[in-house]
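The lines below spell out each chain.
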Amino acid sequence: MTDIRIRTEGRAGRITLTREKALNALSYDMCMAVDEALKTWATDPAVQLVLIDAEGEKAFCAGGDIVEMHTTGTAGDYAYGRQFWRDEYVMNARLATYPKPVVAFMQGFTMGGGVGLGCHASTRIVGASSQIAMPECGIGLVPDVGGSHILAKLSALHPGAGAWIGTTGHRLKGMHALFGFADHFVDEQHWPTLKAAMCESGAPGIPAHLGADDLAAQADFYIEMKTIAAHFNRPPGEIAASLAADPSELAQQALKALSRADPLAAACHIEILRRLGPKSTIREALTLEYRFTHRCMEQGNFLEGIRAAVIDKDRSPQWPHAALADVPAAQVEAMLAPLGADDLTFPEDLT
């Protein structure tokens, strides 16, 4: 496959995304190739570590390839999108519970489906160019691919932080990604040497001299996060008013982003986080996410979100609700209700 390169190198199984011109967006075939490689390497004693990276400077992976979902969905065919999400979520769960170390190097944009590929690795590395975000509410989707699992855990540190990042698509740049989405900040000039060493040793260790740390920058963002998260640690109908009363630049940016998001998706994301809590599992998160994504084309606003963002590119989606406060609780409940026989299940070979 030309969009992804899978091979073994030394003691490592290597997965490299090669769709540089498309910002390494994940197609269905790419997802399935990753899942198949993970299954094969799980029982291969010659593979002691899995290393995931991508070609190009702009992006590790800027999301999923959603144009085909719009094409099929507007034709009334929801099966393609539902199968894509179902199989992708199984791959996400496999990564998150993999029996061997998985290392992800995430330069540039890591968004949506890229978070599902890179941010469930056991060792997650970012650099100065890294920008990690979950902008799904802006296209009528909830943060998925297990992103709600990460955001629910982040909310344990700062109540409301997961709702802030998820509903507004706030970008965590560089070291800021160390709050929930990454483990190590390493200057990107050292990445080739580090990758080579990991392939040779089969171990995910990072030499101390390659690490970089700016405690002051982290502390400043920690304070900002705590402050802005407090606005989102409120009933959904009160969030916008709370932000409007805060003149800070970050609060006003959040208010602007929230006003552009699909109110239904934002309300459902907040409810997903409430149900999950910080001790939830990746499977519980993916199951809730799938209940929304299974319905989002037929009963939600995903197709309109994609039309405005990708197809017509007018950036003016016509959401049915004017604001987050206008979304009925019953509609949120309906979007997240069990699917019966269609609920997400996980294969027996998943560890």
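Residues numbered from 1 in each chain as written. Predicted model: local features only at pLDDT ≥ 70, side-chain atom pairs only at ≥ 80, totals over all residues. Heavy atoms only, no water.

Caption draft 1: Just the packing of aromatic side chains, in detail. This model, assessed by the stated rule, comprises 8 aromatic pairs. Judged by centre distance (5.4 Å) and plane angle (65°), the rings of W85 and F302 are edge-to-face. Here W85 is found in helix α3 (residues 79–96), whereas its partner F302 is found in helix α13 (residues 302–311), with 217 residues between them in sequence. Here the two residues W85 and F302 agree in accessibility, since each one is buried. Between F179 and F221, the ring centres sit 5.6 Å apart and the planes meet at 55°, which makes this aromatic pair tilted. Of this pair, F179 sits in the loop between β9 (172–173) and β10 (184–185) while F221 is found in helix α8 (residues 215–232), placing the two residues 42 residues apart along the sequence. By relative accessible area, which is 2% here, F221 ends up buried. The structure contains a cluster of three or more aromatic residues connected by ring pairs, namely W164, F179, F221 and Y222. (Phe/Tyr/Trp six-rings, centres within 6.5 Å; stacked < 30°, edge-to-face > 60°. Helix = DSSP H or I, 4+ residues; strand = E, 2+ residues; numbered from the N terminus. Buried < 20%, exposed > 50% of the residue type's maximum accessible area, 1.4 Å probe, protein only.)

Caption draft 2: Structural detail: the nonpolar core. Ranked by internal contacts, the top residues of the largest apolar core, which has 99 residues, are W85, L117, W164, F181, F232, F292 and F302. The greatest single-element share of this core, amounting to 9 residues, is contributed by helix α11 (residues 263–276). Residues contacting W164, with those up to four places away along its chain left out, are G169, H170, F221, M225, I228, F232, L250 and A254. Among the nonpolar cores identified, the runner-up in size contains 12 residues, and A12, L51, F105 and L194 belong to it. (Core = buried A, V, L, I, M, F, W, Y, C linked by side-chain atoms within 4.5 Å. Contact = heavy atoms within 4.5 Å.)

Caption draft 3: Quick peek at the sheet that holds strand β1 (residues 4–9). Reading across from one edge, β1-β2-β3-β5-β7-β10 is the order of the 6 strands in this open sheet, with mixed pairing throughout. Pairing within the sheet leaves two strands with one partner each, and these edge strands are β1 and β10. Bridge analysis of strand β7 (residues 123–126) against β10 gives 2 bridges, and the strand direction is parallel. Of the residues in β10, the one forming a bridge with V126 is F185. Lying over the sheet, helix α1 (residues 28–42) contacts β1, β2 (12–17) and β3 (49–54), oriented at roughly 15° with respect to β1. Docked against the sheet, helix α7 (residues 191–201) engages β1, β2, β3, β5 (102–106) and β7, running at close to 165° with respect to β5. (Pairing = 2+ DSSP bridges. Axes fitted to C-alpha atoms, helices over the stretch in contact; angles between N-to-C directions.)

Caption draft 4: How the structure looks around the environment of W85. For W85, a relative accessible area of 3% corresponds to the buried category. For the pair W85 and M335, spaced 250 residues apart in sequence, the C-alpha separation works out to 16 Å. Setting aside chain neighbours within four positions, we find W85 in contact with M69, L141, D144, Y290, T293, C296, M297 and F302.

Caption draft 5: A look at the sheet that holds β9. If you walk across this open sheet you meet the 4 strands as β4-β6-β8-β9, and the pairing is mixed. What marks the edges here is a single partner per strand, and that holds for β4 (59–61) and β9. With 2 bridges joining them, β4 and strand β6 (residues 109–111) adopt parallel strand pairing. Bridged to A59 within β6 is F109.

Caption draft 6: Geometry of the packing of α11 against helix α12 (residues 282–295). The interhelical angle for the contact between α11 and α12, taken along N-to-C directions, is 155°, at an axis separation of 10 Å. In this view, α11 runs roughly antiparallel relative to α12, as classed from their interaxial angle. Here α11 runs over α12; the crossing is right-handed. Of the residues in α12, those touching α11 at A265, C268, I272, R275 and L276 are E284, A285, L288, E289 and F292. (Parallel < 35°, antiparallel > 145°, perpendicular 65-115°, else oblique. Left-handed = near helix turned anticlockwise from the far one by under 90°.)

Caption draft 7: Seen up close, the side chain of D53. Tracing the chain through its elements places D53 in strand β3. Among the polar contacts made by the side chain of D53, one reaches the side chain of K195 at a distance of 3.0 Å. In contact with D53, other than residues within four places in its own chain, are R14, I15, T16, L17, F60, F105 and K195. (Polar contact = N/O pair within 3.5 Å; in protein donor to acceptor, adjacent residues only side chain to side chain.)

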